[in-house]
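So the chains spell out like this:
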Amino acid sequence: MDKHFETQAIRIQSEKSTHREHSTPIYATSSFVFEDAEQARALFADEIEGNIYTRFSNPNNNEFIEKLCALEGTEDGVATASGMAAMFISMAAFLKSGDHVLASRALFGSTHQILTNLFPRWGITHTYVDIHEPLDVWERHIQPSTKLIFVETPSNPGLDLIDLAALGALAKKHDLIFNVDNCFATPYLQNPAQFGAHIITHSATKFIDGQGRVIAGAVLGSKELIKEVRFLARHTGPALSPFNGWMLSKSLETLAVRMEKHCQNALELATFLESQPAVKSVKYPFLPSHPQHELAKKQMRLGGGLVTFDLKGDLDRGRNFLNALKMLSFTANLGDTRSIASHPASTTHSKLTDEERAAVGITPGLIRISVGLEHIEDIKADVLQAMESSKDS
Ligand SMILES: *Cc1c(COP(=O)(O)O)cnc(C)c1O
């Protein structure tokens, strides 16, 4: 039997060097030496496995990917220099001019840009489906040229869910590649492969690093599909630096304990916010009031590290709330040990019209908190004082 999640995240390790080190060293090397002409030939001919050049593979990145595969239940993967490189190659590897992508409308901003403004230049079209649409609407939008379904769940910043098993079955029925950006949940909370996903993508920048230090990503899947992704990566070069691969492999060692605490703090903050008179509504997948609470319990182990709430009042109330925070950070990231607050209507989604914002669940008073690992009482106290002092500013 496979070892447990925590054990695999810690004990999967690249082979020790002749120095017998306990912790994996950083392999800061651009290339690897061939023992002889025959080995070089066999390596280039893919007859044997081994490192050649760090743009293709490197022991630190291999260790990081081997762990992620064990945690997600996939066979193989590719580490990338950013989450966006992962999103891009995870789709581009399977698409050509004339193909069509079916995607959830609630996607990370840059993923949206790839589908809306870049792929059309190469003759690749898409259809967005609103996250609340039932399965038959998804099915109705499948065209003969549809190759791939791309979704994120929970969504950002709405924290709405997509039924992974239902979409997985739909993808199977129509022979489509089902690609899930699992960044918000992490492999500790949700394993899309269990529900029929073929490709799992990650921005490792968020909870996987968990400490706001690294930009990185990964694409995971079957050996057969990853072969295509690896070909594209090897020859276009979005390779992860070995230093970052080393850091992320270390980060995975603590992913389980960190996610337990992120989720515990987030649930406590969400429950506290629900009792506040200045708050119109709170969204958190593991709150019984979440409209998809049952689905959350079915496909997620815990509710995740993000909480959103709707502050009574207008756009300025949201901005004033952020200005009044004393401890929580105001920064364009999430999944950090430090709690982070953001106001999508005036920042990430400010270019959208009110109607477009409403379609992805963003109201003027919507605040997103990435709940960190500080003591929960200190997080609650800062949110409470900011809520009170922003009332009259
Ligand atoms: C941050 C993020 C990305 C992009 O990842 P980078 O590492 O910033 O390139 C993609 N998808 C989701 C859901 C994200 O949160």
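Chains are numbered independently. Their residues run from 1 in the order of the written sequence. Thresholds applied to this predicted model are a pLDDT of at least 70 for local features of residues and 80 or more for the giving and counting of side-chain atom pairs; totals over whole chains, interfaces and linings are not thresholded and use all residues. Note that water and hydrogens are dropped before the side-chain values are worked out from all heavy atoms of the structure.

Peer 1: What is the right way to look at unusual backbone geometry in this model?
Peer 2: Most peptide bonds take the trans form, and the phi angle of most residues other than glycine is negative. Cis peptide bonds are those with omega within 30 degrees of zero, and the linkage from Thr 153 to Pro 154 qualifies with -5°. In this description a helix means any DSSP run of H or I spanning at least four residues, a strand means any run of E spanning at least two, and both kinds are numbered starting from the N terminus. As for its position among the elements, Pro 154 is in the loop between β4 (146-152) and α7 (164-173). Of note, the amide linkage connecting Asn 156 to Pro 157 takes the cis form, showing an omega dihedral of -5°. Tracing the sequence through the fold places Pro 157 in the loop between β4 and α7. The residue Leu 159 is not glycine, and still its phi comes out positive at about 55°. Counting through the fold element by element, Leu 159 comes out in the loop between β4 and α7. Three labels apply to residues, based on accessible area from a 1.4 Å probe with only protein chains included: buried if under 20% of the type maximum, exposed if over 50%, partly exposed otherwise in between. Leu 159 sits in the buried class, given a relative accessible area of 3%. Not every positive phi belongs to a glycine, and Thr 186 is a case in point at roughly 70°. Within the element layout of this structure, Thr 186 appears in helix α8 (residues 186-189). Its relative accessible area of 1% is what places Thr 186 among the buried residues.

Peer 1: Would you mind showing me how to read the site of the ligand here?
Peer 2: Near is defined per residue: the residue qualifies when any heavy atom it owns lies within 4 Å of the molecule or strand. The environment of the ligand is formed by 13 residues, the closest being Met 84, Asp 181, Ser 203, Thr 205 and Lys 206. Within the side chain of Ser 203, an N or O atom sits 2.9 Å from an oxygen atom of the ligand. Two N or O atoms count as a polar contact when they lie within 3.5 Å, although within protein this holds only if one can serve as hydrogen donor and the other as acceptor, and sequence-adjacent residues are included solely when both atoms are side-chain atoms. The separation between an oxygen atom of the ligand and a polar side-chain atom of Lys 206 is 2.6 Å. Surface exposure here means Shrake-Rupley accessible area, sampled with a 1.4 Å probe, where a residue is shielded only by the protein chains that are shown. Protein burial of the ligand: of its 380 Å² of free accessible surface, 92% is covered by the chains. Classifying every residue of the shell around the ligand gives 6 nonpolar, 4 polar and 3 charged. We call Asp, Glu, Lys and Arg charged. Ala, Val, Leu, Ile, Met, Phe, Trp, Tyr, Cys and Pro are nonpolar, and the rest, Gly among them, are polar.

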